[in-house]
Amino acid sequence: MRTERMRTSRRASILVALAASGCGGSSPGGFPTAPGSVNGSSTLQLTPVATGLQNPVHLTAPAGDARLFVVEQAGTIRIIRDAAVEAQPFLDITDRVSGGGERGLLSLAFHPDYEQNGFLYVDYTGANGETRVERYRISTDPDRADETSAALVIEIAQPFSNHNGGHILFGPDGMLYVATGDGGDAGDPDGNGQDRTTLLGALLRLDVDGGSPYAVPDDNPFVGSPPFRAEIWAWGLRNPWRIAFDPAEGRLYVADVGQNRIEEVNVVSASEPGLNFGWNVMEGSECFESAECDRTGKTLPALEYDHSLGCSVTGGLVYRGASLPAVAGHYFFSDYCRGWLRSFRYTGGEVTDLREWDVRDIGRVVSFGRDGAGELYILSTEGVVYRVEPDA
């Protein structure tokens, strides 16, 4: 494995003092953002495209598909067609899902060759709280998955009820990436974030076409290095809530929810394996629960903020659609507690053009999504799906 390096240069340290908690920091203030604008004048607007959904947590669609597929936490996937929610679910596995709190059906990924093979994958917590990634196949009805076609890809035991991660998606390399949390409870008591012998607190990379139920890609960083798990692509994560690839720039964005102080967004090369994002030695760029710590080999965030600005980062997506060319390449993200909308570009190894957008009160932003044409959507816990559009 190549030598890791500590990424200390060119990072945006967006920290504000935590006066209420007595923790140290810089002087009080907010993000040093430019006013959100497109071409210097028009702002973005959020247009509701569907309401009445029950705890929507993820949105996606196969490339070129006009439908939207929305994951509801209790165990259903709904189709939105022409701004209307279809009455019949695309998939209903509520009888298999253990819900409540941070558990539930958490994400959906369509196989890159979905149009040919009809394969789709879901990540959910099972009856005993375990993480399950399963493959399903489309039925003869294109609006209905075959619920009897379930095939287990991977199962991961969870020691606690929270920090399940839960995001799966296919990368530009055709591999399935599985983001897992540290297993839960405060402070990672089992030390899973820094333990490469467990699949918790990590980003896994699986070849679902190369074996049954999967094969480990030969270029994963810990292949042939027992007792480290060969499925691990990166580690040192607390609770990654959402990850995103930007094939146009060859980058991977990982938003990791913090403990008591710092929320972070990591931006790394999508082709760079074996990175350690630091948890639980570090929370963001700071040592966790100690004045000093060993930062050697830790990948530091590209952007971080403290809990005077929010409490739980909601990772988003890099915009590559057609309707908003002025913000092409912007990574959009939010915070579950505050509901603001911000974006930045990552240029020359640093965060640039950091903006806060003046949009309606979104409520609690739980996830972002992209449709089959690459346009951007926001999901709120109020059951509303918004499309991000230019302000008329």
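Every value quoted in this text rests on a predicted model; they were computed, and no experiment measured them. (Residues numbered from 1 in each chain as written. Predicted model: local features only at pLDDT ≥ 70, side-chain atom pairs only at ≥ 80, totals over all residues. Heavy atoms only, no water.)

For this particular structure, what's the right way to read the side chain of N164?
Within the fold, N164 resides in the loop between β12 (145-156) and β13 (167-170). Judged by relative accessible area, which is 2%, N164 ranks as buried. From its side chain, N164 meets the backbone oxygen of S161 in a polar contact 3.4 Å long. Setting aside residues no more than four positions away along its own chain, N164 makes contact with E102, R103, L106, T125, G129, T131, Q158, A179, T180, G181 and N239. (Helix = DSSP H or I, 4+ residues; strand = E, 2+ residues; numbered from the N terminus. Buried < 20%, exposed > 50% of the residue type's maximum accessible area, 1.4 Å probe, protein only. Polar contact = N/O pair within 3.5 Å; in protein donor to acceptor, adjacent residues only side chain to side chain. Contact = heavy atoms within 4.5 Å.)

Help me understand the state of the cysteines, please; the structure alone is not making it clear to me.
Where two cysteines share a covalent bond between their sulfur atoms, that bond is called a disulfide. In this structure the tally under the stated criterion is two disulfides. Through a disulfide, C287 is tied to C293; the S-S separation comes to 2.1 Å. Sign of the S-S torsion, about -80° for the bond between C287 and C293, identifies this disulfide as left-handed. C311 shares a disulfide with C337; S-S distance 1.7 Å. Judged by the sign of its S-S torsion, about 45°, the bond between C311 and C337 is right-handed. Linking C311 in the loop between β23 (303-306) and β24 (313-318) with C337 in the loop between β25 (331-335) and β26 (341-347), this pair joins segments that are 26 residues apart in sequence. By sequence order of its bonded cysteines, the chain has the disulfide arrangement 1-2, 3-4. (Disulfide = S-S within 2.5 Å.)

What am I meant to see in the packing of aromatic side chains here?
To describe a pair of aromatic rings, you give the distance between the ring centres and the angle between the ring planes. The tally for this structure, following the rule as stated, stands at 18 aromatic pairs. Residues Y253 and F344 carry aromatic rings whose centres are separated by 6.4 Å and whose planes lie at 40° to one another, so their mutual orientation is tilted. With Y253 in strand β18 (residues 251-256) and F344 in strand β26, this pair connects stretches of sequence that are 91 residues apart. F344 gets classed as buried once you look at its relative accessible area, which sits at 0%. Site record: aromatic cluster; members linked through ring pairs are Y253, Y305, Y331, F333, W340 and F344. The ring centre of F119 lies 4.1 Å from the NZ or CZ of R135, which sits over that ring. Between the NZ or CZ atom of R238 and the centre of the ring of W279, over which it lies, the distance is 5.6 Å. (Phe/Tyr/Trp six-rings, centres within 6.5 Å; stacked < 30°, edge-to-face > 60°. Lys NZ or Arg CZ within 6 Å of the ring centre and 35° of its normal.)

Would you take a moment to explain the pairing of strand β5 (residues 68-72) for this structure?
Where a strand is regular, its side chains alternate between the two sheet faces. Of all five residues that make up β5, five are buried, and the element is covered over most of its length. Burial of the side chains of β5 extends over both faces: L68, V70 and E72 are buried on one face and F69 and V71 on the other. Examined bridge by bridge, strand β4 (residues 56-60) and β5 share four bridges and lie antiparallel to one another. Paired with H58 across the bridge in β5 is V71. Taken together, the five bridges between β5 and strand β6 (residues 76-81) define a ladder with antiparallel strand orientation. When the bridges of β6 are listed, L68 appears paired with I80. (Pairing = 2+ DSSP bridges.)

Just checking my understanding: could you explain the sheet that holds strand β10 (residues 119-125) for this structure?
Strand order in this open sheet of four strands is β9-β10-β11-β12, and the pairing throughout is antiparallel. Every interior strand has two partners, whereas the edge strands, β9 (105-110) and β12, have only one. Across this sheet, the average inter-strand angle for adjacent strands is 25°, counted without regard to direction. As defined by bridge partners, strand β11 (residues 131-138) adjoins β12 across seven bridges and the pair is classed as antiparallel. Pairing of R137 across the sheet is with D146, part of β12. (Axes fitted to C-alpha atoms, helices over the stretch in contact; angles between N-to-C directions.)

Honestly, that's just the spatial picture; any functional story needs more than this.
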